[in-house]
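Per-entry structural report
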Amino acid sequence: MQQDYISRDIEQKWQQKWNESGVFEAEPDEREKFFITIPYPYLNGNLHAGHTRTFTIGDVVARHKRMHGYNVLYPMGFHVTGTPIVGLAELIQNQDPQTMKVYSQFHGIPMEILTGLDTPEKIVEYFSVEAERSMRSIGYSVDWRRKFTTTDPTYKKFIEWQFNLLYEKDLIVKGSHPVKWCPNDNNPVEDHDILHGEEATIVDYTLIKFKYDDIVLPCATLRPETTFGVTNLWINPDLEHVKIKVTFEGREEFWVVSKEAYHKLTFTDREVEFIEDVDARSLIGIKVKNPLTGAEIITLPASFVKGENGSGIVMSVPSHAPYDYLAVRDLYDKDLSEYGITEDLRDIKFISLIKVPEFGELPAIEAVEQFNVKDQKDPKAEEATKVVYRREFHGGILKENTGKYAGMAVSKIKDVLTRDLIEQGLGEVFYEFSEPVVCRCGTPCVVNMVKGQWFLNYSNPEWKDKVYRCIENMDIIPEELRVEFNNKVDWLKDKACARKKGLGTLLPFDKDWLIESLGDSTIYMSYYIVAKFITEGIGTEQLVPALFDYILLGKGTVEDAEAQSGVSSEILGQIRNDFEYWYPVDLRSSGKDLIPNHLLFFLFHHVAIFDEDKWPRAIAINGFVSLEGKKMSKSKGPLLTLNDAITNYGADISRMYILSSAEQMQDADWKNSGIESARKQIDRYYKLAKDIIESGATTGIGSDMKGIDRWMLSRLQQRILETNEALDTIRTRHALQNSFFLLLNDLKWYQKRGGSILLYDILETWVRLMAPFTPHVCEEIWEAMGKDNMVSLAAYPVYDETLVDNRAEFAEELIGSTVSDIDEIIRVTKLTPQKTILYTAPEWKTNAFKTALSMQKEGALNPGALIKGLMSNPEMRRYGKEVSKFAQKLVADITSMSEDTFNTLVNFDLDEKIALEENIDFFEKEIGCPVEVYSADNAEYDPENKARFAFPLRPAIYLE
């Protein structure tokens, strides 16, 4: 071994060995298979710390399973379809300052190279090379023979086959649906295309038509039932408004809306014609008609109304909307004569229309008073609004003044009332984003009602039922996300699957459209199996539907597939056998941002195309990664690329840090201070291993082992058990806590106690235990130990119950805590003891301790039950009130124990006096004075009556 740990040298050495040996190139054999995939990266930039987390978790699972004897396939491809790469190429062509800065500064691309990446093809070529290099440099155990990009001609054939199948099953339909749309690109946008507003959803508002003469002033609302309580409309006098002619379903109307709303309406399925500009001030002070009640209501000025929200005109319901009440109240003493308003606004009568158990007649006013809200700008106004809306939605009932809707629950009214309003011509549906959405090209997006658009018919109830069944029968890790998956399926509506611009595959049945980027990344896991054979010589023209039908679905005969494709029946049979062996996907590991889109589509397309035995078996989800507390962005920064992490810190250090920084669904924050700590830990690990190897240590199992050796082997089993259980549920932080940090502490104690004969055995297990996490340094140590094979293929440690020694563990728990207690007394009292006396617990306390542990194991431990149980013993009753006090302390101590500690103590059986006496030499060495041990039942020397304080595993201590 090298004298010092030099990560670059070790990592390059082992990456070369893995590559040359093809050790991770998986082929079917007699072993049980494990097929794991992660989302292939999108190549509009270098891989970053977020990729590092998801991909490394996948690699750890792959390596762990491989060492457990599974035949593991862990493949990788590259996603490049859609508009982001086209948009990036345009930005580079135009030398966009922000783009040039981000990609040179954060992505580390030299300016002379960056300026040349001015076409989508060049970007794909550059980042595919960089991505593979990055993933190789961190040591992912990927079968690189199967790589592809989603613009490969062969992959396009696969996508054409898939979409023809879905079309034949009537799962792709043509129609008009609301979609997220970029007016600049003239394309629908998906999450991959969005710069801001990735989480935005399309919300269906109800557009209420208030009338002034022959003019409609439409107001968008999520709560159409509150129209019964409208007292006024809000209009911003400083906004630009327009009069437009709106033709919809044969009805012609003249509307007044904000200029921004007019722009949005041109993307709906209405015919919209501009008539003239309108001075907003001329709209204030007029009386409009409430379409539901027929009441005349006034329009009032409001600077808070934004032109881009809804129609730019807002209806006001002061009795049920705190902001409306506050806004009306704020106008009470204002001079509004410039708008022709002379009446006293205090005369506006608020209308109560919802009965809520927690409120009286006017919930908004009560909430404002309850939260002591000062005005509209008070942050507490938002809190008051949420409380009112939540209580009204969940418990509100409509009152008599809502006519035929009286008695209906607020939670049930929206769809019913909206339908009635539409039928009567008093309302319409208006689609809006839940938050602003901006395309990667920088253009604000709109909701576009696209005609003649192709959609995946995800709303199909039969299709959804299959997905529900798939989710029910698969593992979701963590389990609590199963509900979210089901909710997202329930919520999912038809989704546009084609666009006019970008990279991708032409829709086979309508060549005017390109298949969008999420639609072509749903069952590509099956393509990994085919890809290896394609690289070995199958041509694009040979990838006919009959070939895919046979190898992926088992449809038709091999003879027909051979005749139509020109691929030999032998090769076709081999591909089919490979597919039957590897499929289905055993685990799909992904970030939580893909739950509502990619992962849902992954399930939908699998259940639509494959038989049930080929449906995915498990999905695992992990959280995000931030950088020093800031969200990372490939297009804006800040960013820590995978390349930079490896260059600055090394592969194993980066792996260990990102895996130990947070647990599964928690978000991780990459901090320089944390990565430096990981560097020190790996250094320490390497030096410790080097010392053990150079000491000439050999196996000590089977030798004359002492109590401390039996303890070490026993603790090692617990670390093995915890690590395996954690990795089976993909809790990498917990796994590393046990396989590294806690095991390191155990080893330190073992050596402190004079243990040495098991050092080789501990290291041999430790290296295998750590191999999935830090494979390079583990390979180096493994080789230095004289092992012939690679540790990547060695057997992973498994729990051996025969090596668990509870007595040895109890003894060390006793010894360790006793030394700590003595040290603490010396530190506090500043004494230099001449002699130390230890008093072990009396027999009755030990028996009470065992009883309490047993009750806790059965889930029945509480003070009353313990005291009752103990006092039923005549021997115990001799100690009277002492038993009651002791029992209460026992309950407090045991119920607050960590699970690890409790599991160690649950079968407590130890003669503490003998255990302490056997280790008097150790105590005397640690304390520096003579040590004597007595039982509290027979304390021959106790000048200060200390023995009464003795507790099981916590001897009383007297320093003389």
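Report follows, based on the coordinates. (Residues numbered from 1 in each chain as written. Predicted model: local features only at pLDDT ≥ 70, side-chain atom pairs only at ≥ 80, totals over all residues. Heavy atoms only, no water.)

1. Some thoughts on the overall build of the protein
Check the secondary structure of the protein and you find 34 helices and 31 strands. With respect to the principal axes defined by its C-alpha atoms, the protein has extents near 105 × 80 × 55 Å. For the protein, buried positions account for 57% of its 960 residues. Taking as baseline every contact in the protein between residues at least 6 positions apart, the subset at least 24 positions apart corresponds to 76%. Of the roughly 40,200 Å² that the protein leaves accessible, carbon and sulfur atoms contribute 47%. Measuring between centres, the 110 positive side-chain charges of the protein sit 3 Å from its 150 negative side-chain charges. (Helix = DSSP H or I, 4+ residues; strand = E, 2+ residues; numbered from the N terminus. Buried < 20%, exposed > 50% of the residue type's maximum accessible area, 1.4 Å probe, protein only. Contact = heavy atoms within 4.5 Å. Areas by Shrake-Rupley, 256 points an atom, 1.4 Å probe, with all protein chains shown as cover. Lys, Arg positive; Asp, Glu negative; His and termini not counted. Charge placed at Lys NZ, Arg CZ, Asp CG, Glu CD.)

2. Notes on the sheet that holds strand S4 (residues 187–188)
Spatially, S4-S3-S19-S21 is the arrangement adopted by the four strands of the open sheet, whose pairing is antiparallel. Each edge of the sheet is formed by a strand with only one pairing partner; in this case those strands are S4 and strand S21 (495–496). As judged from the two bridges shared by strand S3 (residues 172–182) and S4, these two strands associate in the antiparallel manner. Residue pairing across strands places Trp181 opposite Pro188, the latter belonging to S4. (Pairing = 2+ DSSP bridges.)

3. So, helix H31 (residues 881–895)
The end-to-end C-alpha separation of H31 is 22 Å, in line with the 21 Å expected for 15 residues at 1.5 Å each. Here H31 has its buried residues at Val883, Phe886, Ala887, Leu890, Val891 and Ile894. Relative to the axis of H31, the buried residues are bounded by an arc of 145 degrees and lie together on one face. In H31, the exposed positions angled more than 90 degrees off the buried face are occupied by Lys881 and Lys885. (Expected span 1.5 Å × (residues − 1). Arc of directions from axis to C-beta.)

4. Comments concerning the pairing of strand S19 (residues 446–456)
For S19, the buried fraction is high: nine of the 11 residues fall into the buried class. Of the pairings in the sheet, the one linking S3 to S19 comprises nine bridges and is antiparallel in character. Residue pairing for S19: Val179 is matched across the bridge by Asn448. Pairing of S19 with S21, which is carried by two bridges, proceeds in the antiparallel orientation. If you follow Leu456 over to S21, its bridge partner there is Lys495.

5. What about the sheet that holds strand S20 (residues 475–477)?
On the basis of which strands lie adjacent, the open sheet formed by five strands has the order S2-S1-S24-S25-S20 and parallel pairing. The open sheet is flanked by strand S2 (71–73) and S20, the only strands paired with a single partner. Recorded for the sheet is a direction-independent mean angle of 20 degrees between the axes of neighbouring strands. Packed onto the sheet, helix H19 (residues 595–609) meets strand S24 (587–591) and strand S25 (618–622) and runs at close to 165 degrees relative to S24. (Axes fitted to C-alpha atoms, helices over the stretch in contact; angles between N-to-C directions.)

Shape descriptors only; they carry no functional weight alone.
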